[in-house]
Amino acid sequence: MSSVLEDVIGGYRADSAGAGYDELIDAGGAVRDQWRELVAMAGRGMVPAWRERVSGLVENDGITYNTGDGAPSPWLLDPLPIVLPATEWIALEAGLLQRSRLLDALLSDIYGLQSTIRTGLVPARLIFSDPAYIRAAHGISLPTRHQLFLHGADVARMTDGSFAVIADRTQAPSGVGYALADRRVVSRALPIVFSDVAPLPLSGFTQAMRLALVDAAPAVADDPVVVVLSPGTHSETAFDQAHLASVLGFPLVESADLVVREGKLWMRSLGRLKRVDVVLRRVDAEFSDPLDLRPDSRLGVVGLVEVMRRGAVTVVNTLGSGILENPGIARLLPRLCRDLLDEDLLLPSVPRYWGGVAAERDHLLVNADSLVLERVGGGHAGGEGGAGVDLHQRPAGVVGDGAGQAADLGRRQLGRGQRQAGGGQPRGQPGDHAGHHHTAHEHPDVDVGPHASSRRPRRLRTAAPAAPAPRRPRAGAAASRRRSRDGRSSAGCPGRRCVPAASGPAAGCGGGAGARRPRRRSAAPA
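Residues numbered from 1 in each chain as written. Predicted model: local features only at pLDDT ≥ 70, side-chain atom pairs only at ≥ 80, totals over all residues. Heavy atoms only, no water.

Participant: I keep staring at the overall build of the protein chain and nothing clicks. Help me out?
Facilitator: A count of helices and strands for the protein chain gives 14 helices and 14 strands. Split into buried and exposed, the 526 residues of the protein chain put 43% on the buried side. For the protein chain, the accessible surface area stands at approximately 27,900 Å², while carbon and sulfur atoms represent 53% of it. (Helix = DSSP H or I, 4+ residues; strand = E, 2+ residues; numbered from the N terminus. Buried < 20%, exposed > 50% of the residue type's maximum accessible area, 1.4 Å probe, protein only. Areas by Shrake-Rupley, 256 points an atom, 1.4 Å probe, with all protein chains shown as cover.)

Structural data, given as structure tokens:
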């Protein structure tokens, strides 16, 4: 090893001493085998040139990430990728595949037979109290072998060198477009290193994803049409959505480009309508249909849920898949894996503790400063609109509609049970929070907004009550004498434009502003 390289590695050894598992240096102080070639080239002062080359290509390709105010910012890409040996990748791949199969089986059960909920394997309160659970999606199934189409996972290296999952992304996973763009930039910026290292190609993934989308179409579709539904250019991952659609060869559409007619989904194209068979959804589920889900949404398509229920279109990931991002489910995965797959979980989650168990709640209270607190009843991390509070960056925090709450409030909620805080702060119970150890993983800042109710909006229907049987007037009495001063008769409100209340004439409108008073006419005596 050259003296220049030894100086670089020696300084790095001094800085990283006692930091836990090191990706570059092994326990004996030597560079790991998979890094030797990159380190040798980096020792000759190539890293600054690589960074300049990569940043120039990122700018030329227009790779951006929109910040909270909607302004695009340059995509930050490290020219030195993380290199994993084949043995580690094979084990990691097997764990991710098993985790995807497990979540797929759980998703099918939650919106199907719900056997895991009826048997108590999954607490009912954990599922039904989460806004990510879409009641309108119950009974909707995809015409494919799997109900979970796309699954992403945040993976971290633990101090002992093993891998663990921090969070699962199942709502509308992003990052595929960025991964494809990053690979293209690195291969052009470091052509020699790229050819020598020879990483696994990504072309097979894109081809498999394209074929899977086509196969997900309803059986009646002869030549399936697939679209990528985007929230728009103001989305944080707008480039990711556009680049993925371009690579797959499918049109990128927004809600204004789609319309439901005659029980089918259509796309406006060159002045005519073209039927759509498959939708790759990048809009959160609750915003997908303002008719059946969130009425204030401008990102969804009116009537999309009904078209899905009829089986006329396939939407992936399916509506309601975001329930799998609930942090409380990650704690149950080892047992669920044995019950649903008859296997032991290969890739575990980071250690988690649930406030609903007394022993674990005591651990939460004692170690609150070193844990990340997440609310399991909604507002958890995952997908656009979710939030995660990193206690390593803040003294304290509680996840929920009031993301700026102090930690002492969170601890009081954990210790004292149900409590209503002022200022729109959520109500908490001991079982509403879960915690997990914070690892050396940076979480991007997320703009937190209140979550609307996931219940279906009520459709108002007006129904007039049945008319009561007419009373026989008393002999010698005029019918006009039984009219009240406000214009009402004993048979109910006489107003032609007034809708009587459903509870009967006693709760009528009282001859309001829109009601007409009939002319007073004397009736002949009986």
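Participant: Mind showing me how you'd approach unusual backbone geometry here?
Facilitator: The amide bond that connects V316 to the next residue, N317, takes the cis arrangement and shows omega of -15 degrees. On the secondary structure map, N317 appears in the loop between β11 (314-316) and α12 (327-340). In this structure, Q114 is a non-glycine residue whose phi angle is positive, near 60 degrees. Counting through the fold element by element, Q114 comes out in the loop between α4 (86-110) and α5 (115-118).

Participant: Explanation requested: the side chain of S230 in the structure shown.
Facilitator: Looking at where S230 falls in the secondary structure, it is placed in the loop between β5 (226-229) and α10 (238-248). The class of S230 is buried, set by a relative accessible area of 5%. Reaching out from S230, the side chain makes a polar contact with the backbone nitrogen of G232 at a distance of 3.1 Å. Ignoring sequence-local partners within four residues, the contact set of S230 consists of Q241, L252, V253, E254 and V283. (Polar contact = N/O pair within 3.5 Å; in protein donor to acceptor, adjacent residues only side chain to side chain. Contact = heavy atoms within 4.5 Å.)

Participant: Where do I start with α4 in this structure?
Facilitator: Residues lying three or four places apart along an α-helix face the same way, a consequence of the helix completing one turn every 3.6 residues. Given a rise of 1.5 Å per residue, 25 residues ought to cover 36 Å, and the 36 Å separating the end C-alpha atoms of α4 matches this to within 8%. Residues of α4 that are buried include every one of L92, G95, Q98, R99, L102, L103, D104, L106, L107, D109 and I110, and no others. (Expected span 1.5 Å × (residues − 1).)

Participant: What exactly am I supposed to notice about the packing of helix α9 (residues 203-215) against α10 here?
Facilitator: The relative placement of two packed helices comes down to the angle between their axes together with the axis-to-axis distance. It is the contact of α9 with α10, at a shortest axis distance of 10 Å, that shows an interaxial angle of 85 degrees. For the element pair α9 / α10, the angle class is roughly perpendicular. For the pair α9 and α10, contact is made by T206, M209, R210 and L213 and by L244, V247 and L248, respectively. Split into classes, the residues belonging to the contact of α9 with α10 amount to five nonpolar, one polar and one charged. (Axes fitted to C-alpha atoms, helices over the stretch in contact; angles between N-to-C directions. Parallel < 35°, antiparallel > 145°, perpendicular 65-115°, else oblique. Nonpolar A, V, L, I, M, F, W, Y, C, P; charged D, E, K, R; others polar.)

Participant: Help me understand the pattern of salt bridges in this model?
Facilitator: Pairs can form between side chains of opposite charge once their charged atoms are near each other. Under the counting rule described, the total for this entry stands at 16 salt bridges. In this structure, E23 engages R157 in a salt bridge whose closest nitrogen and oxygen atoms are separated by 2.8 Å. One end of the pair, E23, is in the loop between α1 (3-15) and α2 (36-42); the other, R157, is in strand β3 (residues 152-157), and 134 residues separate them in sequence. Here the salt bridges share partners, and the residues they tie into one network are E23, E88 and R157. (Salt bridge = Lys/Arg side-chain N within 4 Å of Asp/Glu carboxyl O.)

Participant: Can you help me understand the packing of aromatic side chains in this one?
Facilitator: Note on aromatic pairs: each is described by the distance of the centres and the angle between the planes. In total, this model carries five aromatic pairs according to the counting rule given. With a centroid separation of 5.2 Å and an interplanar angle of 10 degrees, the aromatic rings of Y111 and Y133 are classed as stacked. With Y111 in the loop between α4 and α5 and Y133 in the loop between α6 (124-128) and β3, this pair connects stretches of sequence that are 22 residues apart. Assessed through its relative accessible area of 7%, Y111 is described here as buried. With a centroid separation of 5.2 Å and an interplanar angle of 75 degrees, the aromatic rings of F128 and Y133 are classed as edge-to-face. Among the aromatic residues, those joined into a ring-pair cluster are Y65, W75, Y178 and F239. (Phe/Tyr/Trp six-rings, centres within 6.5 Å; stacked < 30°, edge-to-face > 60°.)

Participant: What exactly am I supposed to notice about the sheet that holds strand β10 (residues 278-281) here?
Facilitator: Remark on secondary structure: sheet strands pair via backbone hydrogen bonds, oriented parallel or antiparallel. Taken in spatial order, the four strands make up an open sheet running β6-β5-β10-β11, and their pairing is parallel. Two strands lie at the open edges of the sheet, namely β6 (252-253) and β11, each paired on one side alone. The pairing of β5 with β10 spans four bridges and is parallel. If you follow V226 over to β10, its bridge partner there is V278. Packed on one face of the sheet, α9 meets β5, β10 and β11 and runs near 130 degrees to β10. (Pairing = 2+ DSSP bridges.)

Participant: Looking at this structure, I do not really get the pairing of strand β7 (residues 258-261). What am I missing?
Facilitator: Along any regular strand, the residues point their side chains to alternate faces of the sheet. Summarising the sheet, β7 and strand β8 (residues 264-269) pair through four bridges and their orientation is antiparallel. Looking at the pairing, R261 lines up with K264 of β8. Counted between consecutive antiparallel strands, the loop separating β7 from β8 contains two residues, among which E262 sits at a positive phi close to 55 degrees.

Participant: Looking at this structure, how should I read the confidence of the model for the protein chain?
Facilitator: Per-residue pLDDT for the protein chain averages 75, and the proportion of residues at 70 or more is 68%. Throughout residues 381-433 the model reports pLDDT below 50, and contacts reaching past four residues in sequence, or to other chains, amount to 128 contacts. This model gives residues 437-526 a pLDDT under 50, and the stretch forms 98 contacts once residues within four places in sequence are excluded. (pLDDT = per-residue confidence, 0-100.)

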